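# Observations on chain architecture
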Amino acid sequence: MFTPLIEKITQAQTIIIHRHVNPDPDAYGSQGGLAQLIRDNFPLKRVYCVGEAEPTMANLLTPDSIADEIYREALVIITDTANRERIDDQRYAQGQTVIKIDHHPNDDAYGDWLWVDTNASSTSQMILRFALHMQETQQWQITKEFAKLVYAGIIADTGRFMYSHVDKQLFNEVGEIIELIDLQKFYQEAYSRTLADVQFSGYISQNIQTTPHGCGYVTITDETLKQFDVSRTKASSMVNMLANIEGIHTWVFFTEDIENDNVRCSIRSRGPIINGVAKQFGGGGHPLASGARVNSWQEIDAVLAELDTICQAYQETL
Ligand code: AMP
């Protein structure tokens, strides 16, 4: 099944790898991991990772700034991005060939070739699977730099092996690279928190609200972000503080995005399927982890009403 991907990578001299806007560790891990894998095995190819830099993940990679001309004969590979609108850097379309590699529902089947596996825990796991296949069949090198990147994506998207799609295959695949990672150093780096982060988590705990049938939520204004000196990305990444609370089936962080004049909705669930609600509000995502944006604080009531309805239906099945 990897034949077209291997052919395209082998033939291309220039490869540009994109991922989604507002990157998370799986976006960075799959993008950077694939780039690292190609660089390690084809040192003469020009490989670039593009997209806005996310300062909180500077330990994983630094994006490249590239001129438009570079796209002319390039192979473009987009990782972890379900739909075209969310691709960071819309110049992707100028590439000679476009490949999509992703684990979200394939609602927008873009690209000349695509590999979508909604059963994979993360796109980083898919990149790891490809690397292991190439190591076995064509003796490709797997380096510690590669291992660190894909591991970062896997542990983030699985909540350190807790969420859905954690299975024997994942542990077997991770088992192949685990000895390449200095785990203590890795976890210290990945989970180090500032005092401001901890104080902000106190704010979150104090400000959880709930709908009648079990949707928990927190509203985070730009002023609050400034007060605690916490970035929007960092704040949204803390959404699972509301996981595993008795009586709360779905939960949302509503985070104000003052520059874009909208409110980011980070929606999670431990039962009800939420990506339909996210889609209703112009977003999307996985059945239990989705996102959307609404234009005003008033609109969040409509999001909460929909989520409360699915929570009620879910409660009736318990
Ligand atoms: P987030 O809460 O932003 O971390 O997003 C959770 C999941 O939903 C990720 O898998 C995203 O790819 C997806 N997602 C977030 N926002 C959007 C959006 N506006 N449109 C489509 N998918 C989204």
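Residues numbered from 1 in each chain as written. Predicted model: local features only at pLDDT ≥ 70, side-chain atom pairs only at ≥ 80, totals over all residues. Heavy atoms only, no water.

Attention now moves to the layout of surface pockets. Of the voids in this model, the second largest pocket is the one considered here, and its volume is about 210 Å³. If you list the elements that add at least two residues to the lining of the second largest pocket, you get α4 (144-157) and α6 (183-190). A per-class count over the lining of the second largest pocket returns three nonpolar, no polar and six charged. (1 Å grid on protein atoms, 1.4 Å probe; cavity = no way out; pocket = protein on both sides within 12 Å on 5 of 7 lines; lining within 4 Å. Points joined across faces, edges and corners; volume = space filled by probe spheres on them. Helix = DSSP H or I, 4+ residues; strand = E, 2+ residues; numbered from the N terminus. Nonpolar A, V, L, I, M, F, W, Y, C, P; charged D, E, K, R; others polar.)

Between helix α3 (residues 123-138) and helix α5 (residues 168-175), the least distance of the axes is 10 Å, while the angle of their chain directions is 60°. In terms of orientation, α3 lies oblique with respect to α5. Like other packed secondary-structure pairs, α3 and α5 cross with a definite hand, here left-handed. Contact residues: Gln125, Leu128, Arg129 and Leu132 in α3; Gln169, Leu170, Glu173 and Val174 in α5. (Axes fitted to C-alpha atoms, helices over the stretch in contact; angles between N-to-C directions. Parallel < 35°, antiparallel > 145°, perpendicular 65-115°, else oblique. Left-handed = near helix turned anticlockwise from the far one by under 90°. Contact = heavy atoms within 4.5 Å.)

Before going further, it helps to examine the pattern of salt bridges. Applying the stated criterion to the full structure yields 15 salt bridges. Residue Arg39 is joined to Asp64 by a salt bridge in which the shortest nitrogen-to-oxygen separation is 3.9 Å. Placement of Arg39 in helix α2 (residues 25-41) and of Asp64 in the loop between β2 (46-49) and β3 (75-79) is noted, with a sequence separation of 25 residues between them. Taking the relative accessible area as the measure of exposure, Arg39 reaches 32% and is therefore partly exposed. For Lys148, the salt bridge is made with Glu189, and the minimal N-O distance between the two is 3.0 Å. (Salt bridge = Lys/Arg side-chain N within 4 Å of Asp/Glu carboxyl O. Buried < 20%, exposed > 50% of the residue type's maximum accessible area, 1.4 Å probe, protein only.)

The next thing to look at is unusual backbone geometry. For Asp89, which is not a glycine, the phi torsion comes out positive at approximately 85°. Following the sequence through the fold, Asp89 ends up in the loop between β3 and β4 (97-102). With a phi angle near 55°, Asp261 is a residue other than glycine that sits in the positive phi range. Asp261 gets classed as exposed once you look at its relative accessible area, which sits at 62%.

Another point: helix α1 (residues 3-11). Within the span of α1, buried status applies to Leu5, Ile6 and Ile9. Seen from one end, α1 has its buried residues packed into an arc of 95°, which puts them on one side. Of the surrounding elements, those touching the buried residues of α1 are β1 (14-18), α2, β3, β4, β5 (113-116) and α3. (Arc of directions from axis to C-beta.)

Buried residues dominate β4, accounting for six of its six residues. Of the two faces of β4, the one holding Thr97, Ile99 and Ile101 and the one holding Val98, Lys100 and Asp102 are both buried throughout. Pairing of β3 with β4 involves five bridges; the strand directions are parallel. Within β4, the position partnered with Thr79 by the bridge is Ile101. Pairing between β4 and β5: four bridges, direction parallel. Counterpart to Asp102 in the pairing with β5 is Val116. (Pairing = 2+ DSSP bridges.)

Okay, the pairing of β2 next. Pairing of β1 with β2, which is carried by four bridges, proceeds in the parallel orientation. Looking at the pairing, Ile15 lines up with Val47 of β2. For the crossover that starts at β1, traverses α2 and ends in the parallel β2, the hand is right-handed. (Right-handed = clockwise from strand over helix to strand, strands pointing away.)

What surrounds the ligand is a group of 13 residues, the closest being Arg86, His104, Arg264, Ser266 and Arg268. Between the ligand and Ser266, the relevant distance is 3.1 Å, taken from an oxygen atom to a side-chain nitrogen or oxygen of the residue. Between the ligand and the protein, one listed contact pairs a nitrogen atom with a backbone N or O atom of Gly284 at 3.3 Å. The protein chains hide 85% of the 480 Å² of surface that the ligand would expose on its own. Of all the secondary-structure elements, those providing two or more residues to the shell around the ligand are β9 (262-269), β10 (284-285) and β11 (289-294). For the shell around the ligand, the element with the highest residue contribution is β11, accounting for four residues. (Near = heavy atom within 4 Å. Polar contact = N/O pair within 3.5 Å; in protein donor to acceptor, adjacent residues only side chain to side chain. Areas by Shrake-Rupley, 256 points an atom, 1.4 Å probe, with all protein chains shown as cover.)

Glancing now at the environment of Val294. Along the polypeptide, Val294 turns up in strand β11. With 29 residues separating them in the primary sequence, Val294 and Cys265 have C-alpha atoms 7.4 Å apart. Apart from residues no more than four positions distant in its own chain, Val294 is found in contact with Asn262, Val263, Cys265, Phe281, Glu299, Ile300 and Val303.

Any aromatic ring pair is given by two values, namely how distant the centres are and how the planes are angled relative to each other. A complete count under the given rule lists 15 aromatic pairs for this structure. With centroids separated by 5.5 Å and ring planes inclined at 85°, the aromatic side chains of Phe42 and Trp140 adopt a geometry described as edge-to-face. Remark: Trp140 occurs in the loop between α3 and α4 and Phe42 occurs in the loop between α2 and β2; sequence separation between them is 98 residues. An aromatic cluster of three or more residues is present, and its members are Tyr151, Phe161, Phe171, Phe186, Tyr187 and Tyr191. Seen from the ring of Tyr191, Arg160 lies directly overhead, with NZ or CZ sitting 3.9 Å from the centre. (Phe/Tyr/Trp six-rings, centres within 6.5 Å; stacked < 30°, edge-to-face > 60°. Lys NZ or Arg CZ within 6 Å of the ring centre and 35° of its normal.)

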